[in-house]
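# Coordinate analysis (summary)
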Amino acid sequence: MRVVMGSHAVWPHGSAHPCLVDRTAYSYLLGLYLGDGHIVSKPGQHHLSVYCDARYTGLVAAAEEAMRAVLPSAATGRRCRNGCVEVKSYTQHWKCLFPQHGAGPKHERRIALEPWQQEIVDARPWEFVRGLIHSDGCRITNWTTRTVGGERRRYEYPRYLFTNKSDDVRALFTGALDALGITWTVLNRDGRPYNISVARKASVALMDAHVGPKY
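Residues numbered from 1 in each chain as written. Predicted model: local features only at pLDDT ≥ 70, side-chain atom pairs only at ≥ 80, totals over all residues. Heavy atoms only, no water.

### A look at the side chain of histidine 47
Looking at the element boundaries, histidine 47 is found in strand β4 (residues 45-53). Residue histidine 47 is classed as buried on the basis of its relative accessible area, which comes to 3%. Polar side-chain contacts of histidine 47 include one of 3.3 Å to the side chain of serine 49. Every residue in contact with histidine 47, bar those within four places of it in the chain, is listed here: His38, Ile39, Val40, Glu86, Lys88, Ser89, Tyr90 and Thr91. (Helix = DSSP H or I, 4+ residues; strand = E, 2+ residues; numbered from the N terminus. Buried < 20%, exposed > 50% of the residue type's maximum accessible area, 1.4 Å probe, protein only. Polar contact = N/O pair within 3.5 Å; in protein donor to acceptor, adjacent residues only side chain to side chain. Contact = heavy atoms within 4.5 Å.)

Put into C-alpha cells, the structure is as follows:
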C-alpha cells in the first residue's frame, strides 16, 4: 500500500476514489481499533467493527461519529449484542486505512504503525490516547490508608489504567504518553505487565482535561 500525505488528508492507493480523511477522527478511531476493533475482509464482506460497552452511550456515539468522519461514504450502523454495541462500517477501504489488519489476535502478531499513521498520531496524540483509553482503559478511584497523628485514615485518588496483552500496543500507548509528558508506570499482576497506570496528580489532571472517563 502507498499513502500520500497532504496537509489534511490521507490518500490510500487503490481505493475506488480518493478518501479525504479527518486526521482528528482517524487518530481517535485508530486507538479504538487497536483496542477493541477488528476488520472482516473476505469475498463479499468487508467491514470494520468496534465493540463498545453498552453502558457508555456517549462512547458508542463517538465511535460511530469517528467512522463517519473518516469515511463518510461508507454505510455505518450499530448492532446490539449481549452487554455491548458493535459499531460497524462497511467498505473494503478500511483494510487500507488500518494496515495492522491480519489473521489472529493482535497480541499474537507484530503491530507497528506505518510512517503516515505515526505522523497523524504525532500531530493528534490526545485523540489517539483517548481512543485507547475508551477501548481498553478506564478511570477509577483508588484508595489507600495512612497513619496520621496515630490515627489510620483513608485517602482516595483517581487513576487511569490501560490494559492490553499486546506488547506493541502498550508501547504505542506509552510512547504517546511520553510525548505528552504523562508519567506512567507498569502495574504487574500475576507477573504479567499488561497494565499501564497513570496516577501522578499532575498527569491525572492532564488526562482529565483531554481524555476523561468513559461516558
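### Digging into the environment of tyrosine 26
By the secondary structure assignment, tyrosine 26 is in helix α1 (residues 23-36). We classify tyrosine 26 as buried; its relative accessible area is 0%. In this structure the C-alpha to C-alpha distance between tyrosine 26 and threonine 57, which are 31 residues apart in sequence, comes to 20 Å. Ignoring anything within four residues of it in the chain, the contact list for tyrosine 26 reads Val21, Val70, Leu97, Phe98, Trp116, Gln117 and Ile120.

### Comments concerning the sheet that holds strand β7 (residues 137-148)
Reading across the sheet, the four strands line up as β7-β8-β10-β9 and stay open at both edges, with antiparallel pairing between neighbours. The open sheet is flanked by β7 and β9 (185-189), the only strands paired with a single partner. Adjacent strand axes in the sheet meet at a mean angle of 45° when their direction is disregarded. Bridge count between strand β8 (residues 151-163) and strand β10 (residues 192-198): four bridges; the pairing is antiparallel. Residue tyrosine 160 lies in a different strand from β10, and its bridge partner there is valine 198. Sitting on the sheet, helix α5 (residues 125-136) is in contact with β7 and β8, with an inclination near 110° to β8. In the packing of helix α6 (residues 167-179) onto the sheet, the strands contacted are β8 and β10, and the crossing angle to β10 comes to about 20°. (Pairing = 2+ DSSP bridges. Axes fitted to C-alpha atoms, helices over the stretch in contact; angles between N-to-C directions.)

### Remarks on α1
Under the 1.5 Å per step criterion, the end-to-end length of α1 is 20 Å for 14 residues, consistent within 8% with the ideal 20 Å. With 12 of 14 residues buried, α1 lies mostly within the body of the structure. Of all the positions in α1, only Arg23, Ala25, Tyr26, Ser27, Tyr28, Leu29, Leu30, Gly31, Leu32, Tyr33, Leu34 and Gly35 are classed as buried. Here α1 starts with a cap whose side-chain oxygen sits 3.0 Å from the backbone nitrogen of threonine 24, and that cap is aspartate 22. (Expected span 1.5 Å × (residues − 1).)

### Structural notes on the nonpolar core
Counting 51 residues, the largest nonpolar core has Leu29, Trp94 and Met207 as the members making the most contacts within it. No other element matches the eight residues that α1 contributes to this core. The residues contacting methionine 207, other than those within four sequence positions of it, are Trp126, Val129, Ile133, Tyr160, Leu177, Ile182, Val198 and Gly212. (Core = buried A, V, L, I, M, F, W, Y, C linked by side-chain atoms within 4.5 Å.)

### Some points on the pairing of strand β6 (residues 84-90)
With six of seven residues buried, β6 is to be regarded as a mostly interior element. Pairing geometry for strand β5 (residues 75-81) and β6, over seven bridges, is antiparallel. Across the sheet, residue arginine 81 finds its bridge partner in β6, namely cysteine 84. Hairpin connection, β5 to β6: the antiparallel pair is bridged by two residues, and glycine 83 has positive phi, about 80°.

### Thoughts on the environment of aspartate 53
Position of aspartate 53 among the secondary structure elements: in strand β4. Once the C-alpha coordinates of aspartate 53 and alanine 179 are considered, the two residues, 126 residues apart in sequence, prove to be 29 Å apart. Contact partners of aspartate 53, with chain neighbours within four places excluded, come to Val60, Gly83 and Cys84. Here the side chain of aspartate 53 touches arginine 55 through a polar contact of 2.7 Å, side chain to side chain.

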